[in-house]
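Tertiary structure, described
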Amino acid sequence: MATFVLRDVLGDGAFAEVGRPVAAAVAGDAVVVTGRLPLDLQDSGHVPAPDHVLAVYDLATMECRRAVPTGFLLHTLAVHQSGRLVAAGGGGYDGGWAWTGSLVVLDVGSLDLTSLLATPREVRALRWLDDDSLEAVLMPQDEDSDPFATQTLRVPREAWDGAGAHSLDAARHVSATAEVDVDDDTLYEPPAPGRPVAELLDDLAAGRGLVRRERGPVRALLPLLGGDVLACGAGILAERWSSNAEAVWRRTAEGTGAQLLPLEDRRVLSVVETDRGDDRGSRVTVLYAVDGTELDVVAEGRRLTATGGGAGGALLRATDPVRDDEEDEDSYEDYEDEWEEYDEDEQDEWHDGGSDQPQEPLPVVDLDEVDRVPATVLDGRGRVVGTVRLPDWTSQDDLRPARAARLLAVEGAAPWPWEARAPLSRVVEVHRGSGGPYLSAPLFDLDPQPERHAMPLENVDHPATGPSERSVSTGPAVELSDRLGEHHLLQSWCEDRVGAVHPDQPPPPGLLARRDRAGRVVWLVSLAERVAGLDVHAGTVAVAGELGTLTMLDAQTGAVTGTEPLLPVECCPTALCFATDGSLWVGLADGRVLRLREEVGADATPR
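Throughout what follows, the structure given in this document is the object of discussion. In this text the structure is predicted, and so the values were computed from the model without any measurement. (Residues numbered from 1 in each chain as written. Predicted model: local features only at pLDDT ≥ 70, side-chain atom pairs only at ≥ 80, totals over all residues. Heavy atoms only, no water.)

1. Concerning the packing of aromatic side chains
Cut-off, in case you're wondering: Note on aromatic contacts: the rings of Phe and Tyr and the six-membered ring of Trp form a pair at centre separations within 6.5 Å, being stacked when their planes are under 30 degrees apart, edge-to-face when over 60 apart, and tilted otherwise. Secondary structure elements are defined from DSSP: runs of H or I of at least 4 residues count as helices, runs of E of at least 2 residues count as strands, and each element is numbered from the N terminus. Here's how the labels work: a residue is buried when its accessible area is under 20% of the maximum for its type, exposed when over 50%, partly exposed in between, all with a 1.4 Å probe on protein chains only.
For the structure shown, the criterion picks out 7 aromatic pairs. Considering the side-chain rings of Trp-128 and Trp-160, the 5.1 Å spacing of their centres and the 80 degrees angle between planes classify their relative orientation as edge-to-face. Here Trp-128 is found in strand 10 (residues 123-130), whereas its partner Trp-160 is found in helix 1 (residues 157-160), with 32 residues between them in sequence. Grouping residues by exposure puts Trp-128 and Trp-160 together as buried. Taken together, the aromatic side chains of Tyr-93, Trp-99, Phe-148 and Tyr-188 make up a single cluster linked through ring pairs.

2. Some points on the sheet that holds strand 6 (residues 74-79)
Note the cut-off: When DSSP finds two or more bridges between two strands, those strands count as paired. Every axis corresponds to a line fitted to the C-alpha atoms, with the helix fit spanning only the stretch in contact, and the corresponding angles, defined between N-to-C directions, vary from 0 to 180 degrees.
Reading across the sheet, the 4 strands line up as 6-7-8-9 and stay open at both edges, with antiparallel pairing between neighbours. Every interior strand has two partners, whereas the edge strands, strand 6 and strand 9 (113-115), have only one. Along the sheet, successive strands turn relative to each other by an average axial angle of 20 degrees, direction set aside. As paired elements, strand 7 (residues 85-93) and strand 8 (residues 99-107) share 9 bridges and run antiparallel to each other. Bridge pairing in strand 8 places Gly-89 opposite Leu-103.

3. A short note on empty space enclosed by the protein
As a reminder of what qualifies: Site definitions follow a grid-based scheme: protein atoms alone, a 1 Å grid, a 1.4 Å probe that fits but cannot get out for cavities, and for pockets an open set with protein on both sides within 12 Å along at least five of seven lines, plus lining residues having an atom within 4 Å of a point. Grid points are joined across faces, edges and corners, and a volume is the space filled by probe spheres set on the points. Just so you know the grouping, Ala, Val, Leu, Ile, Met, Phe, Trp, Tyr, Cys and Pro go in nonpolar, Asp, Glu, Lys and Arg go in charged, and all remaining residues, Gly too, go in polar.
All told, the structure shown has 3 cavities of 30 Å³ or more when counted by the stated rule. Put simply, the largest cavity is a space of about 100 Å³. Lining the largest cavity, in full, are Glu-17, Leu-37, Pro-50, Val-53, Ala-67, Val-68, Pro-69, Glu-570, Cys-571, Cys-572, Asp-590 and Arg-592. Considering every element that reaches the lining of the largest cavity, the biggest residue donor is strand 5 (residues 64-69), with 3 residues. By residue class, the composition of the lining of the largest cavity is 8 nonpolar, no polar and 4 charged. What the second largest cavity holds in volume is close to 50 Å³. Looking at the second largest cavity, the residues that line it are Arg-215, Gly-216, Pro-217, Val-218, Ala-231, Cys-232, Gly-233, Ala-234, Ile-236 and Glu-239. If one sorts the elements of the lining of the second largest cavity by residue count, strand 15 (residues 229-241) sits on top with 6 residues. Grouping the amino acids of the lining of the second largest cavity by side-chain chemistry returns 6 nonpolar, 2 polar and 2 charged.

4. Some words on the nonpolar core
Formally: To qualify as a nonpolar core, a set must consist of buried Ala, Val, Leu, Ile, Met, Phe, Trp, Tyr and Cys residues joined through side-chain atoms within 4.5 Å.
In this structure, Phe-15, Val-18, Val-31, Val-33, Tyr-57 and Leu-201 are the most contacted members of the largest nonpolar core, which totals 21 residues. In terms of residues, this core owes the most to one element, helix 2 (residues 197-206), which gives 4 residues. Listed in part, the 19 residues of the second largest apolar core include Ala-87, Val-105, Ala-136 and Leu-138.

5. Description of the environment of Arg-426
Convention followed: Whether two residues are in contact is decided by their heavy atoms, any of which lying within 4.5 Å being enough.
Relative to the elements of secondary structure, Arg-426 occurs in strand 25 (residues 424-432). Between the C-alpha atoms of Arg-426 and Leu-443, which are 17 residues apart in sequence, the distance is 7.3 Å. In this view, Arg-426 contacts Leu-367, Arg-372, Ala-409, Val-410, Glu-411, Pro-442, Phe-444, Asp-445 and Leu-446; residues no more than four positions away in its chain are not counted.

6. Structural notes on the pattern of salt bridges
For the record, the criterion: A carboxyl oxygen of Asp or Glu within 4 Å of a side-chain nitrogen of Lys or Arg is what we treat as a salt bridge.
Using the criterion set out here, one finds 27 salt bridges in the structure. One salt bridge connects Arg-240 with Asp-228, and the closest N-O pair in it is separated by 3.0 Å. Here the residue Arg-240 occupies a position in strand 15, and Asp-228 occupies one in the loop between strand 14 (218-223) and strand 15, the gap between them amounting to 12 residues. Each member of the pair, Arg-240 as well as Asp-228, carries the same accessibility label: buried. One continuous salt-bridge network, built from bridges that share partners, spans Asp-12, Glu-17, Asp-590 and Arg-592.

7. Quick look at the side chain of His-488
The criterion, for reference: Polar contact is the term for a pair of N or O atoms within 3.5 Å; when the atoms are in protein, one must be able to donate a hydrogen and the other to accept it, and sequence-neighboring residues count only if both atoms are side-chain atoms.
Tracing the sequence through the fold places His-488 in strand 29 (residues 487-499). The class for His-488 is buried, based on a relative accessible area of 7%. Of the polar contacts made by the side chain of His-488, one reaches the side chain of Arg-514; its length is 3.0 Å. If sequence neighbours within four positions are ignored, His-488 has contacts with Arg-406, Val-478, Glu-479, Leu-480, Asp-482, Arg-514, Arg-515, Asp-516, Arg-517 and Val-522.

Following this line, the structure appears as structure tokens:
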């Protein structure tokens with residue numbers, strides 16, 4: 001059976017798997033490093049993305065033995081006297097009320113990693129007292145803790161040697177407490193490392209003839225004729241890789257290259273995220289030739305997204321449109337007034353996850369009542385040809401097909417939390433009316449099972465955090481044609497868990513559906529991981545899961561034809577595309593780009 005074999009790792013470097021390093025220590029014949037991949041949470045703030053990583057490297061070769069997402073940023077390491085065990089702790093202030101984090105123990109030999117704390121708490125300091133006990137300093141649980149104090153734990157061997165995950169009750173092992181001032185600014189930031197970690201890793205890499213590089217996440221990949229591929233990401237408007245995996249050129253950007261859309265005449269629409277002094281960011285859309293020559297700045301706006309491509313042109317939409325200060329102030333006052341009218345019992349019930357009693361289905365919001373703002377329509381050469389009015393929806397969950405002949409977007413509205421109405425998200429097609437302006441025509445609900453959202457939000461219990469709620473978040477999409485040339489849509493999404501979420505929880509499954517032009521579901525599959533990248537070529541659908549699993553499906557039936565890890569260790573894909581020569585390219589959160597080829601009976605060894 002044919003399989004896709006890894007042939008090249010582009011943009012590679014020592015310690016690439018951890019992104020930006022935070023802490024590092026040598027333990028026996030290994031180097032343990034924690035770091036953060038500078039993700040944007042894949043446009044979803046509800047489900048913990050795998051952006052905090054702990055990796056173990058061979059000290060002699062710098063080869064990565066294991067890289068695993070940790071849920072929290074681990075900023076403190078302590079090596080056991082034997083060199084075989086490493087304790088790692090961290091976390092931080094959640095920005096509103098609590099200090100959450102975790103304490104893990106790593107066996108460097110077996111690579112087993114155990115998260116100990118039953119309840120998430122930030123671990124501020126660690127040290128091994130002797131062979132059989134570990135000392136950990138925990139931050140206060142939350143701002144209402146009484147007394148408001150740090151706790152020092154003395155953790156005996158039986159609590160970490162062979163203990164089950166989340167089995168440590170911190171209250172049983174407190175050896176000392178120290179009251180602290182809630183206004184102390186140092187409580188809200190993790191401690192800075194004594195010796196710059198990057199300097200230590202640079203020295204280790206240089207001693208073995210290697211170079212350490214920090215590249216931001218690859219945000220988009222675009223195939224070109226001849227098998228070449230464009231990539232964009234942090235600080236990179238676009239970089240071109242040849243079909244034989246050689247760098248052709250790179251164009252840097254002040255900001256992050258977020259999207260690449262093909263147009264006519266070898267032109268590419270590039271969406272660049274920039275920070276223009278606005279805490280919510282902005283995006284500038286630039287038209288580029290395939291050789292990297294800048295043609296024109298097409299539009300500017302806050303949180304622009306682009307859909308379409310090719311002769312059909314493109315649609316530019318600000319998912320966080322600019323409003324004047326007076327309107328913003330009025331909206332906030334309206335929010336406060338509505339919340340005050342919502343009595344205390346109802347507020348408490350909403351914060352606690354809703355009533356446990358069965359409730360009647362809720363009416364869906366009416367999009368005719370939602371304010372609309374203009375979105376820009378471009379022709380196939382990137383020229384502005386009109387506008388269309390779409391709901392003023394401050395969400396990044398827009399539909400962004402990597403390749404589409406139609407101009408598709410999401411219309412949606414989410415009611416205030418206290419309103420007895422269910423949210424609505426639907427896909428629309430933008431087209432020019434007969435001799436008139438551009439219009440949006442509804443195609444289908446974003447979720448193939450919208451009736452679930454007419455019921456009160458479902459609670460998902462977790463022993464460490466209690467209930468969390470469910471919502472839906474869009475993922476990558478791509479168009480394909482059926483045997484008669486009719487456009488179908490491959491659309492992915494996932495069910496987020498909103499509210500009290502433990503980062504050690506397994507991620508929710510990814511969902512993938514093929515829809516015909518009328519929006520009817522042709523097939524629907526559930527995948528083990530959220531979809532991070534998606535494309536189709538020659539009847540085969542390739543899906544990159546967010547934890548590094550490559551899944552192949554039959555485009556006609558949705559049947560899974562194979563699954564395999566992209567790399568020997570876990571990785572975090574962010575983009576995927578088929579090149580025109582049939583090779584498969586995958587962008588990672590650490591900035592590397594993988595090139596795979598379909599081969600039969602080949603040895604899966606990178607070149």
